[in-house]
Every structure is written in structure tokens, then in C-alpha cells.
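Each chain, written out:
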Amino acid sequence: MRDDRGGLGRWMTTLVALGMSVACAADTARRPPPSSVRPVVPDRVAPAQAGEPVRLGRLTYQGGIEIHGGAIGGLSGLSVFDGGQRFAAVSDHGFVVRGALTYDAGGWLAGASSLTARRLPGTQDKTLISPGDSEDILRLPDGGWLVSFEGTPRVWRYPPAIGESGTLPVPVPVPADTATSPPNGGLEAMALFPDGRFLLLEEGEDDGVPERRGWLAPSLPATADGWQRVTYRARPHYRPTSAAALPDGGLLVLERYFSLLGGWGSRLVRVPAAAVRPGAVLEGEEVARIGPPLPLDNYEGLSVRTGPDGRLLVYLVSDDNFSPLQRTLLLMFSLDP
């Protein structure tokens, strides 16, 4: 979701108009790589803390990077795959960013290379809206991809070579009542469970109401009738921006908060497997809030994988809104059982 709330959104849009025009210009097939990738170093208060692990709730920091400069930004969805060696992310301006991740000798996330950004192709049906406002990306077992879009709620299925010439998507039927979603609060998060069930969550409006609409299908639906309603209950004034299915059938959800006075806030919530069923209210336990000594920012994308030692590894990416006041951050954590 773009940050366009009232006066702040208009101010930021004016401030970075030139940067956005460069980042979103025309239908070039390939964008230039960023100028640099920097490590994210925790902001320690005391020198004695230097050797101590950074823990946020049940998360332990395992390294991170800032992608700085160039045309890559606005990242709102994330998928880390191939055992953590590669990633794909979508920009809320309709680009897919891909690259390789590198780790140090201790397994900490340390760098990224071979970064590309390509515009997402549209469908062959010219009556459908062109790609834009892409919010989440999910890799399928066959190597293909699902991308969710917010402004006009839809989910498109892309082949493995997403973003390359000729990789046209196929629309996935979405619930009919997504047509009533708010323009800046529509389909946001997707999750594919180990048993094939597929979940969609709506971001909703910043109205203080904790309940958000969701839809659960027993598999990728062939028709718009193949969905059953669920409700996701967020913390008041927080909104779900990404989700990831866990190996045990549970769900990890990234919630985001923003206010003019309070700034950014993000938290991770774990929903137990038994709660993920048709008609249920999905409400979980907070496992962490993202903040100091790590940077606060607009974290929107989430991906989870199992590490070589069996631990769950959690990746977060931030959407910088193409603003010089924000950053594109990719952080990695281990999650306690």
C-alpha cells in the first residue's frame, strides 16, 4: 500500500515527485541495478552491547541489508526461495525485483547481487487493467508465481520467468465481494498452506476497527465461488500487509501501523493452525514488534523459510515509498519455537 494518507501523503508526493518519475518511468523491460547494498547495523546504545544478540520478542536478528540508490524501491511483497539463495519482490508501481542473497560464514544475511527490476506484464485481455499497485508475491511449488493487486482487487498467476518477455499472467478468480474493497485497502496478503489451502487478506482502512476481511479456499479456486469467508483481527489501528503459511499449518502475519505523531510501527503475529478454518476469526499471539535497536520503517513484505538446523527464518522488506526520508531494508531473523 502506498503511503497517501491525507496531508502527509500529499507532502511526500510533492517532495519526491522527481524521484518517483524516474522510478516509474515508462515501460522499459529492465531497470538499472541499485548503486549500493549496505549492511544494516543495529543502533547500540552502549559499547558493552556490541557482542550481544539483538532480540525483539521471539525474534533474533540474523543480519540485514539496505538497498540504496538506483531505481529499486516501493517494495511491498517478498518471497525468498531456493534455500534462501534468491528472492523476488514486487513494487507497488508494478515492477518485480529479483536478485541473489549472500550470507557470511555465520549464516547472517550480508549482501545481494544480480539485482534486476522489470515491469510486470499484463494479460492478453486488453479489457483488464494493466499491472500496478502490486502488493504481495508468492512462489508456487511448480516455480510459478502469484501476485496480488490492491486498487482493482485481483490475483494474477505468472510463469516461473516472471517479468521476462512473453511471461503473460492468467487471472485467478477472486471473491466477488472484493469489489467493495476500499481503493487503498484492498487485497494485500496471500498465503499458501502445505495442504494446498489458499488465503487472502484485505488490508482495510485505518479506521481503528480491528477486524479485516479474509477469504480461504481449499485450493487455488477455479471460480469466484470457491472461497469461504474468514475474519482477521488485528491490533487496533494496525493493518495486515503480508502473511506467510508455516510448516505446521499456522500463519505468520505482518501488521503495520502509521500515524503523523507516532510514525511507523510493525509487529508480527502468529496464528495457530487450529484457528485457520472457514468462518473463523483469525487472531494470534504477538511474537515481536520491529523497532530499536533496528530501524523503524514501513515494513510491508514477509517471507519465511526453514533453515538447515530446522529453525524458522523470517525475512522482512520495507517499502520506502520512493522517499528520501525512508529506506529499502531487507532484514532476516530466526523465530523461537
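As a starting point, this report considers the structure included with it. Keep in mind that this is a model prediction, so the values were computed, not measured.

What counts, and at which threshold
Residues numbered from 1 in each chain as written. Predicted model: local features only at pLDDT ≥ 70, side-chain atom pairs only at ≥ 80, totals over all residues. Heavy atoms only, no water. Helix = DSSP H or I, 4+ residues; strand = E, 2+ residues; numbered from the N terminus. Buried < 20%, exposed > 50% of the residue type's maximum accessible area, 1.4 Å probe, protein only. Pairing = 2+ DSSP bridges. Axes fitted to C-alpha atoms, helices over the stretch in contact; angles between N-to-C directions. Polar contact = N/O pair within 3.5 Å; in protein donor to acceptor, adjacent residues only side chain to side chain. Contact = heavy atoms within 4.5 Å.

1. Concerning the environment of glycine 69
- Inspection of the secondary structure puts glycine 69 in the loop between β3 (59-68) and β4 (75-81).
- With a relative accessible area of 29%, glycine 69 lands in the partly exposed category.
- It is 9.4 Å that separates the C-alpha atoms of glycine 69 and threonine 328, two residues lying 259 residues apart in sequence.

2. A closer look at the sheet that holds strand β18 (residues 263-271)
- On the basis of which strands lie adjacent, the open sheet formed by 4 strands has the order β16-β17-β18-β20 and antiparallel pairing. What marks the edges here is a single partner per strand, and that holds for β16 (239-245) and β20 (285-290). Ignoring strand direction, the axes of neighbouring strands in this sheet form an average angle of 25°.
- By the bridge criterion, 5 bridges tie β18 to β20 in an arrangement that is antiparallel. Considered in β20, the bridge of leucine 268 is made with alanine 288.

3. Regarding the side chain of serine 334
- Here serine 334 shows up in strand β23 (residues 328-335).
- Engagement of the side chain of serine 334 in a polar contact is seen with the side chain of arginine 311, the distance being 3.4 Å.
- Excluding anything up to four places from it in sequence, serine 334 contacts Arg58, Leu59, Thr60, Gln62, Arg311, Leu312 and Leu313.

4. Focus on the side chain of serine 303
- Among the structural elements, serine 303 can be located in strand β21 (residues 299-306).
- Judged by its relative accessible area of 6%, serine 303 is buried.
- Here valine 80 takes part through its backbone nitrogen, which lies 2.9 Å from a polar atom of the side chain of serine 303.
- Those residues in contact with serine 303 that sit more than four places away from it in its chain are Leu78, Ser79, Val80, Leu313, Val314 and Tyr315.

So, to be careful, I would describe these as geometric facts and stop short of saying anything about function.
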